[in-house]
Amino acid sequence: MKTPRVYDLRTGRQCLRSGWVPAVDLRLALQKLPRRIEEQAEARYRQQAGYPAEGSENDPLEAAAAQALARTIACFEAMPPGLDAKSSDRDICELADKEAAAFQRRRASGWPLPMLLAEAQALGLDSERTFAAQLKVWRDLFTTEEEKAAAFKGIAGRLAEGRFWRRQLRRLHRRAREMGMREVGMVSRRHGLYVSNETVRAHREQRRRNAELLALMQAENDLGERFQLSEVVAGSMANPKIRRMELMARLVGFDEIARTCRHHGVMVTLTCPSRFHRKLHTGRDNPKYDGSSVPDALDYLQTVWTQIRAALRRAGIGVYGLRVAEPHHDGTPHWHMLVFMEEQHRLDFRRIVARYGCRENREELGLRYYQTATERDEAARARQQMIQAATGEKKSLQSIKAGMKTESDFWAQHSFKGWKAGKPRRRVDFETIDRSKGSAVAYVAKYICKNLDGKTNSGESVEDYEAYENQLAEYTAERVMAWASTFGCRQFQQIGGVPVTLYRELRREHQEVEEGVLHQAAQAADKGDWGRFVMLLGGSEGPFAARKDLPLALYNEDAPISNQYGEPKKNLRGVVDVHTGEYVITRIREWTISRQGGADAPWTCVNNCTNSESAPNRVYSEAEITAIIRTCEPVPKHEPVPEWALSPQQVAEQLAAAHEGLKAQVEESEWQQYLQALRKLRRQSAWLTRPSGLVPPEPQGDPQAGRTRLSRYLPLPQRGQTVAQQWAQQRERLASISEWLADDEFEFI
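Reading the values: the criteria
Residues numbered from 1 in each chain as written. Predicted model: local features only at pLDDT ≥ 70, side-chain atom pairs only at ≥ 80, totals over all residues. Heavy atoms only, no water. Helix = DSSP H or I, 4+ residues; strand = E, 2+ residues; numbered from the N terminus. Buried < 20%, exposed > 50% of the residue type's maximum accessible area, 1.4 Å probe, protein only. Contact = heavy atoms within 4.5 Å. Areas by Shrake-Rupley, 256 points an atom, 1.4 Å probe, with all protein chains shown as cover. Pairing = 2+ DSSP bridges. Axes fitted to C-alpha atoms, helices over the stretch in contact; angles between N-to-C directions. Expected span 1.5 Å × (residues − 1). Phe/Tyr/Trp six-rings, centres within 6.5 Å; stacked < 30°, edge-to-face > 60°. Lys NZ or Arg CZ within 6 Å of the ring centre and 35° of its normal. Patch = residues over 30% accessible without salt bridge, like charges linked within 9 Å, V, L, I, M, F, W, Y side chains within 5 Å. Salt bridge = Lys/Arg side-chain N within 4 Å of Asp/Glu carboxyl O. Lys, Arg positive; Asp, Glu negative; His and termini not counted. Charge placed at Lys NZ, Arg CZ, Asp CG, Glu CD. Parallel < 35°, antiparallel > 145°, perpendicular 65-115°, else oblique. Nonpolar A, V, L, I, M, F, W, Y, C, P; charged D, E, K, R; others polar. Left-handed = near helix turned anticlockwise from the far one by under 90°.

Chemist: Any chance you could explain the overall build of the protein chain here in plain terms?
Modeler: When helices and strands are counted, the protein chain shows 27 helices and 11 strands. By residue count, 47% of the 749 residues in the protein chain fall in the buried class. Within the protein chain, counting contacts between residues at least 6 apart in sequence, those at least 24 apart form 69% of the total. As displayed, the protein chain has an accessible area near 38,300 Å², and 51% of this comes from carbon and sulfur atoms.

Here's what the structure looks like:
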């Protein structure tokens, strides 16, 4: 008879008779998780633990289940100190301000840089990566004291700034939460494709807030021309359509070069070992999974490519093309690379890529060899001793090593016959470009579309084979973008060729037909001819030219003043010919960014401070107030009301306070707080209806029409209270809501 011996996570009853105890207190740790995650983790534990046989001393099922549960809890506990899975954005902002004030006191007390970095690292900040540029200057023996002082001011200034910590803590909190959701099994084709549903909702909300802010900002140049910032962003590389068209243009240019020079093209797919994959392709748990996270998988792929690139350089093999990073259904990344090379290097290229791509956990691929000669010699001596102990005969090491291959020997003789039918293809796959079936661009176009907006240049959607029941990529592209944003993954990267920044800068200015590489390259860039642009800059080497040997470089000028952290800046101005000294200025105008209708200090490369004095009172027009009202939308009915939403009575009180503040003709800075609170209440309350069409417009020409319309739309003040009484009662609560809204990634400071 079998008796269940399952660990009761609520009472804390032990489940292991062998005495094995998890490294963390599972019961107490689970109570810190959100209810839904706690129930999911407990259900998975009970499912994995099963019903072991009575009287067994060792219970591998329970041990594995407890280890998986402890691993899940460890992901959530990896959050910055002071935060947990239940922490809200307000908690993050409060902690950010608290830590910024603490670092400001430490800086004033004279703490040295190593101690400041140690405190920052204790909060989860990767100091080496975040302050890589400043630390390089700080540690350089040949830098001056002024340069080191500027580097120290840059680091200390960021650590003492609340906005810096809000960005960092939000990123760390969001990433740790998503890793915990993936660990508990809520990321797969059956639950949440690529990322959890909570992360998708948070990413969608962040994009909506960003769009609202961009609509309130304007860019103005030195000629007085003004453009709405949202329109400027829509015409930049931030627009997925424009980004897709540029990537396709560059691929077409590379394909033209390969066709003209008769270079060999191959499509390479590089995948992580099984231990990185949380789920199988069917959606079930992967028994080989060892708890590796998505950042671990990204680091693995980058390490493998670094080894491949170094080996190609040693072998004298030049390559060029494009790399696309995308997730499997469980969030594990993999790479697709379209690579071109000279025809005589095709076999050596495959051997190098397969050697490093299959090195780790090669036993699961059926590959039997030793990585180094030292490992082979040690294994040969051990085998020699075993043979001598069994038969009494002592064989020579040379005869034993004759049948034992090293990694270099194995891949040097590999011909890749039957590669498609073998297990190594699961790790590294090669597909030769067959031009009879189409151009090389067609092989990678679907991956570009899938990782941007899911649509082709013609507006058609492609199919996402990772999704359940093969959904269209236009619906799953949002989840891919949320995945890349959460884990900081660079989705597209050019391999070889010339810097794309030169191409983008020269596209800014139209050049007439003139002599010289600079003007010819500008003409090619203006026409979007990437292939000719690469060949002009590469010269005889073409796409294989080293970047240090290119005839063109970016032209930078020292900024007149330092940035907000006291660091010197360089402004990109154009492109220069390094041989003749001739240059082209591509950035002629000086631009400032400010809020529409406000008198705030501009946001520019010269002045980054957003603080300003209060502007004088002014009357808002009908169009401005109508635009404000139309942005106040409620939470959709199909979505649950957030826990932090206000009750109907609280909503009425807050709107009444905003209404009275509007009538009181307060200063501009406080008026911004009213608008922020109003937008928040309209958007985040489920008891308000959409404002469009409820209030008829006032007669044209009335200067008070907009104010009257807004007054009629908002609830009237409570009876028996004066304007001053209502405003005094609600001002503190209204300010707290405005402060919470201002602490978003795009904030009003």
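Chemist: Looking at this structure, I do not really get the sheet that holds strand S6 (residues 428-432). What am I missing?
Modeler: Strand order across the open sheet formed by five strands is S6-S3-S5-S4-S7, with antiparallel pairing between neighbours. Here the strands that pair on one side only, and so sit at the sheet edges, are S6 and strand S7 (492-495). Adjacent strand axes in the sheet meet at a mean angle of 20°, parallel and antiparallel pairs treated alike. Sheet topology note: the strand S3 (residues 264-271)/S6 ladder contains five bridges and is antiparallel. Paired with valine 266 across the two strands is threonine 432, which belongs to S6. Along the sheet, helix H18 (residues 441-450) contacts S3, strand S4 (320-327), strand S5 (333-341), S6 and S7; its crossing angle with S4, the most-contacted strand, is approximately 45°.

Chemist: What's the story with helix H10 (residues 197-216) in this structure? I'm lost.
Modeler: An α-helical turn contains 3.6 residues, so any two residues separated by three or four positions project in the same direction. With 20 residues, H10 ought to run about 28 Å at 1.5 Å a step, and its terminal C-alpha atoms sit 29 Å apart, in line with that. Residues of H10 that are buried include every one of Glu198, Thr199, Val200, His203, Gln206, Arg209, Asn210, Leu213 and Leu214, and no others. Lining the buried residues of H10 we find helix H2 (35-49), helix H9 (162-183), strand S1 (217-221), strand S2 (226-228), helix H11 (229-234) and helix H19 (473-487).

Chemist: Help me understand the environment of leucine 116 in this model?
Modeler: Secondary-structure assignment places leucine 116 in helix H5 (residues 113-122). In this structure, leucine 116 is in contact with Phe103, Arg106, Trp111, Phe152, Ala156 and Leu159, ignoring residues within four places of it in sequence.

Chemist: For this particular structure, what's the right way to read the packing of aromatic side chains?
Modeler: The geometry of two aromatic rings is summed up by the distance between their centres and the angle between their planes. Per the stated rule, a full pass over the model turns up 22 aromatic pairs. Here the aromatic rings of phenylalanine 227 and tryptophan 591 are separated by 5.8 Å at their centres, their planes lie at 45°, and the arrangement is tilted. Of the two residues, phenylalanine 227 sits in strand S2 while tryptophan 591 sits in strand S11 (residues 591-595), which places them 364 residues apart along the sequence. Its relative accessible area of 37% is what places phenylalanine 227 among the partly exposed residues. A relative accessible area of 37% places tryptophan 591 in the partly exposed class. For the ring pair tyrosine 320 and phenylalanine 544, a centre distance of 5.5 Å and an interplane angle of 65° mean the geometry is edge-to-face. Note that tyrosine 320 is positioned in strand S4 and phenylalanine 544 in the loop between helix H22 (530-538) and strand S8 (552-558), a separation of 224 residues in sequence. Counting every residue linked through ring pairs, the aromatic cluster contains Phe254, Tyr320, Phe340, Tyr503, Trp530, Phe533 and Phe544. We note arginine 323 situated over the ring of tryptophan 335; from NZ or CZ to the ring centre the distance is 4.4 Å.

Chemist: Is there a simple way to explain a negative patch on the surface in this structure?
Modeler: Together, Asp140, Glu145, Glu146 and Glu147 line one region of the surface with negative charge. Within the element layout of this structure, glutamate 147 appears in helix H8 (residues 145-159). Note on glutamate 147: relative accessible area 40%, which makes it partly exposed.

Chemist: I keep staring at the packing of helix H4 (residues 89-108) against H8 and nothing clicks. Help me out?
Modeler: Pairs of packed helices are described in terms of their axes, by the angle between the two and the distance that separates them. H8 packs onto H4 with a crossing angle of 140° between their chain directions and a minimal axis gap of 8 Å. Overall, the two elements H4 and H8 adopt an arrangement that is oblique. Of H8, the residues touching H4 (which contributes Glu99, Ala100, Phe103 and Arg107) are Lys153, Ala156, Gly157 and Leu159. Its residues assigned to classes, the contact of H4 with H8 comprises four nonpolar, one polar and three charged.

Chemist: What's the story with the sheet that holds strand S9 (residues 570-577) in this structure? I'm lost.
Modeler: Strand pairs in the sheet, formed through backbone hydrogen bonds, run parallel or antiparallel to each other. With antiparallel pairing, three strands are arranged side by side in an open sheet as S8-S9-S10. For this open sheet the edge positions go to S8 and strand S10 (583-585), each flanked by a neighbour on one side alone. In this sheet, adjacent strand axes meet at a mean angle of 40° when their direction is disregarded. In this structure, S8 lies alongside S9, joined through seven bridges in antiparallel fashion. Looking at S9, one finds that glutamate 557 is bridged to asparagine 571.

Chemist: Can you walk me through the packing of H5 against H8 in this structure?
Modeler: Close contact between H5 and H8 brings their axes to 11 Å; oriented N to C, the two are set at 35°. The element H5 and its partner H8 pack so that their crossing is left-handed. Seen from H5, the contacting residues are Leu113, Leu116, Leu117 and Ala120; seen from H8, they are Phe152, Ile155, Ala156 and Leu159. For the contact of H5 with H8, the class distribution of residues is eight nonpolar, no polar and no charged.

Chemist: How should the pattern of salt bridges be read in this particular structure?
Modeler: Pairs can form between side chains of opposite charge whenever their charged atoms are close. Evaluated as defined, the whole model comprises 44 salt bridges. A salt bridge links arginine 275 to glutamate 360, with the shortest nitrogen-to-oxygen separation between them at 2.3 Å. Of the two residues, arginine 275 sits in the loop between S3 and helix H13 (294-315) while glutamate 360 sits in the loop between helix H14 (346-357) and helix H15 (373-391), which places them 85 residues apart along the sequence. Here arginine 275 falls in the partly exposed class, since its relative accessible area comes to 21%. When the shortest N-O distance is used, the salt bridge between arginine 278 and aspartate 285 registers 3.4 Å. With a relative accessible area of 29%, aspartate 285 lands in the partly exposed category.

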